[in-house]
Amino acid sequence: MAARRKRRTAASKAQAEFVSEAEEILERMRNDFGLLAESLVGSGEADPEIVNSLFRSAHSLKGLSGMFGQEAMSELAHHLEDILDRLRMGRATLDRRALGLFDESVTLSAAALEKVGDEDAAEGLAETIADLIGRIEQWNDAPEASRGEGPDVDLPDSILRALTEYEEHRLHANVAQGRGIYLVDATFEIAAFEDGLQEIQGAIREVGEVLSTLPSPSGAPGSQIRFSLLTAADLPPDTLRERLELAPDAMTIARLPEGLAPESASADAPDVSDQPARDASAPAAPDETLKSISDTVRVDIRKLDELMNLVGELAIQRSALSQIANRLAQDPATSRVGQDLVKVQKTLERKLQELQGSVLDVRMVPLRQVFDKLTRVVRRLRLDQEKEVRLEIRGADTELDKLIVEELVDPLMHVVRNAFDHAIEPVAEREAAGKPAEGCIQVVASQRGNDVLISVSDDGRGIDVEKVRRRAIEVGLVSEETELGRSDILDLIFHPGLSTREEVTETSGRGVGMDVVRSNIGALGGLVDVKSEEGRGSTITIMLPITLAIIRALIVGVGPHRFAVPLNSIRETLLLDPDQLQRTEGRELMNLRGDALPLRRLDDEFRLGLEEPDKAYVVVLGVGDARLGLIVDRLEGQQDTVIKPIQGPVATVRGVAGATELGDGGAVLVLDVSALVEDVVRKGELRE
Amino acid sequence: MKRILIVEDSGTMRSLIASTLEELGEPVKIDEAENGFEALRLLPRNAYDLILTDINMPDINGLELVSFVKRDERYAGIPLVIVSTEGSERDRDKGLELGADAYMVKPFDPDGMRTLVIDLLGRGARSGDEG
């Protein structure tokens, strides 16, 4: 019974894995189809590498869905694979109809994927799929372009024997185009061949095509590996050798480029009809011009920034307009025209929000590109260190502003590396602790409202809280007497004085430079938080706004001054009840539903020297689990703000993130909430 | 303990093959390579008793890997199975010509795969005893 249940869980886990991988494949295909359409518009021909990548995707999807009994999906992928195979083998020409069929196939496969596990719903799709397959078959029925015999190329048997059918086709196609065929040899240390190999492949791709990369025994014992790169290029041998910085004996000529050949190279080149796309004399595909297949454009992100800035400025003008409208509406003399203006202003607000949404949407990119990098790094680390660590990634489709995604790479990489290097124990230690030999690092991303949460969890040794505390006392960060809760101590790892010390990092299981991680994330308007259980592992959570371009803020006032507080770090606002106020050791606290909430007067924080107001509000700020109540005189409503950096002495004031303009034309400072909360945490006022 | 290398770019497929082989009836150690490059790095580090590889992979493909393994005297004796989704028959035949010991089509039957693997592991052990 238990065994059956276990098997069933394993089966459903495998199915979930299948669905997520199939989704990834479909996403990749969508991308590739977009690129394909673009490359057609750009150069008028289908990029063979993209077509081949699409073929591989369809092929994988066919195998995977077949393995999971998804017959209809597998059949559809099979037909799609057929089209792509004909295209990549030069047996058919890409046309608008084929692009349409691709598009439908991916959409339908995605729909079928959603229905996996729901047989009735899947049956409903079967007919639509069968219809599409019928149309694909019609397309595939078109007569094949004839293929000539392969040309003579002077290549060693070992190379020819290992070429796939597709690689052979590319070889012939390149010969037909009159390109030279060369064999480039490169030898590397086996422990680190990848970078060198990719470098030379990249250099070849700049001037031609890598047809095949064949690893060969080096001849030398042990640590080296040799690669033979079958290369096609328009360049004469000497130029190519120079471009690739090759030693004279590292390249052999299999066939000279056309025109350079000692004998007439065109004589044994196959019929041009083999290459309809490339050759101008080949008949154009009937009536299907490639002019408008793609409807995508590439845009420089800076142009989007400008656009976003303009939208932000418009939003500010809009709130100015709103204030005037309200004033007019309240004045009996102008109330009618005022009310009309209020209405117009409301419509304007809605349209502006839509505009803002559209511009933001364009800036969004999935986190996948960052996560792919993490996967590569962990794979490399795993091989270098011989540690058994699995990286699990979820939520790679979560989208963030492109600028944030780019800035996120380093801090996230740092956190994952730390988990790998310091948190996950060596196999022997894990086994002794009764843990599975293979450690696990999980990276999970999800969207919460206007924020994105990314957590990095490991099942390693966790942070030794006592060691961190002792170290903090040693460096004078806290005193022996300071009573610190567990989360306060954990938070100390983000302190510069502590986290850059190697000795702590080695023993505490968390590494160097967590302070840098926090400040980098802070600069993006985000927050970092840590949780850890000794012996069980740690979780670092990063919370980021979806975009930096526009931030919704609460405007608060103290005396004549006003400040903007980013809304994403506000947990709630309360009217301050003086009876609940407690003073201990010169600090103010209040009771918030049973928890002590440390308080700060904005007035004191910036030494404004104002009188205590009759009525005050508490703005409860939150960074991770830490809370801080900010006492202000007034809440003046919310606004969309575009945060601008400030220069001069104010820029260095702690607690200030920047400045912004308000609807009434006034400029206010934007509070840096994470710095304010951090100061309170450091002073040990927060308890668990 | 027998050690097996699975070379396959699909994570789901790798887990499926690995879990199939975990039920061989004898304990085996399974290493997974996500692409040909990773396989090339793993090969000199561990002594493998069996290699299973896909054909359609980015960077270096299955045929190139088979050719490498079978031309290097250190690895030529390791039984090698191509596990690939039905595709080009010519590629499959080429794989066998290059020295692959068997060919399995995906979707594969788990029992069939186990029978084949047990057979190949036994064969490898015998030739090892003789040598």
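The preceding data block contains the structure.
The following refers to the structure shown. What you are looking at is a predicted structure, and each value in this text was computed from that prediction instead of being measured.

Glancing now at the interface of chain A and chain B. Across the contact, 29 residues belong to chain A and 33 residues belong to chain B. Looking at the side of chain A that touches chain B, the elements with two or more residues in it are helix 1 (2–43), helix 2 (48–67), helix 6 (157–161), strand 2 (208–217) and helix 12 (368–385) of chain A. Here the element with the most residues in the side of chain A that touches chain B is helix 2 of chain A; it accounts for eight residues. Each residue belonging to the side of chain A that touches chain B can be placed in one class, and the counts come to 12 nonpolar, nine polar and eight charged.

Time to look at the sheet that holds strand 9 (residues 451–458) of chain A. Residue and element names in this part refer to chain A. Across the sheet, which stays open at both edges, the five strands sit in the order 6-8-9-11-10 with mixed pairing between neighbours. Each edge of the sheet is formed by a strand with only one pairing partner; in this case those strands are strand 6 (389–394) and strand 10 (527–533). Strand after strand, the sheet turns through a mean of 15° between neighbouring axes, direction not considered. Where strand 8 (residues 439–448) meets strand 9, eight bridges bridge the pair, whose relative direction is antiparallel. Within strand 9, the position partnered with Gln442 by the bridge is Ser457. Packed onto the sheet, helix 13 (residues 402–423) meets strand 6, strand 8, strand 9 and strand 11 (537–545) and runs at close to 20° relative to strand 9. With respect to the sheet, helix 19 (residues 514–523) is in contact with strand 10 and strand 11, its orientation differing from that of strand 10 by roughly 140°.

Residues and elements named next belong to chain B. Running from N to C, helix 3 (residues 62–71) and helix 4 (residues 89–97) point in directions that differ by 10°, and their axes come no closer than 9 Å. Taken together, the axis directions place helix 3 and helix 4 in an arrangement best described as roughly parallel. Contacts from Gly62, Leu63 and Val66 of helix 3 reach helix 4 at Asp91, Lys94 and Gly95. Grouping the constituent residues of the contact of helix 3 with helix 4 by class yields two nonpolar, two polar and two charged.

Moving on to the nonpolar core. By size, the foremost hydrophobic cluster in this structure holds 99 residues, and its most contacted members are Ile51 and Leu52 of chain B. Every residue in contact with Leu52 of chain B, bar those within four places of it in the chain, is listed here: Ile4, Ile6, Val7, Ile17, Val81 and Val83 of chain B. In this structure, Val389, Val478, Ala564 and Leu628 of chain A belong to the second largest nonpolar core, which totals 78 residues.

All names here are of chain A. Relative to strand 16 (residues 587–592), strand 15 (residues 581–584) runs antiparallel, the two sharing four bridges. Each residue of the ladder has a partner; that of Thr584, found in strand 16, is Arg587. Between strand 15 and strand 16, which pair antiparallel one after the other, the connecting turn spans two residues, and Glu585 there sits at a positive phi close to 45°. Relative to strand 17 (residues 595–601), strand 16 is paired through four bridges, and the arrangement is antiparallel. Of the residues in strand 17, the one forming a bridge with Leu589 is Pro598. As consecutive antiparallel partners, strand 16 and strand 17 are separated by two residues, and within that stretch Arg593 has a phi angle of approximately 45°, a positive value.

The rules behind the values
- Within any chain, residue numbers begin from 1 and follow the written order of that chain's sequence.
- Here the convention is simple: chains get letters from A, ligands get numbers from 1, in the order in which they are written.
- Only residues with pLDDT of at least 70 get local features here, since the model is predicted, and only at 80 or more are side-chain atom pairs given and counted; chain-wide, interface and lining totals rely on the full set of residues.
- Here, residue contact means that the backbone-derived C-beta atoms of the two residues sit within 7 Å.
- Only DSSP runs of H or I covering at least 4 residues are called helices, and only runs of E covering at least 2 are called strands; the numbering of each starts at the N terminus.
- Polar here means any residue other than Ala, Val, Leu, Ile, Met, Phe, Trp, Tyr, Cys and Pro, which are nonpolar, and Asp, Glu, Lys and Arg, which are charged; Gly is therefore polar.
- The pairing criterion is simple: DSSP has to find at least two bridges between the two strands.
- Note on geometry: axes are lines fitted to C-alpha atoms, helical ones only across the stretch in contact, with angles between N-to-C directions running from 0 to 180 degrees.
- Note that the term roughly parallel is reserved for angles under 35 degrees, roughly antiparallel for angles over 145, roughly perpendicular for angles of 65 to 115, and oblique for everything else.
- Think of a nonpolar core as buried Ala, Val, Leu, Ile, Met, Phe, Trp, Tyr and Cys residues chained together by C-beta atoms that fall within 7 Å.
- Residue burial is a threshold on neighbouring C-beta atoms within 10 Å of the residue's own C-beta, all placed from the backbone, with 20 or more meaning buried, 12 or fewer meaning exposed, and counts in between meaning partly exposed.

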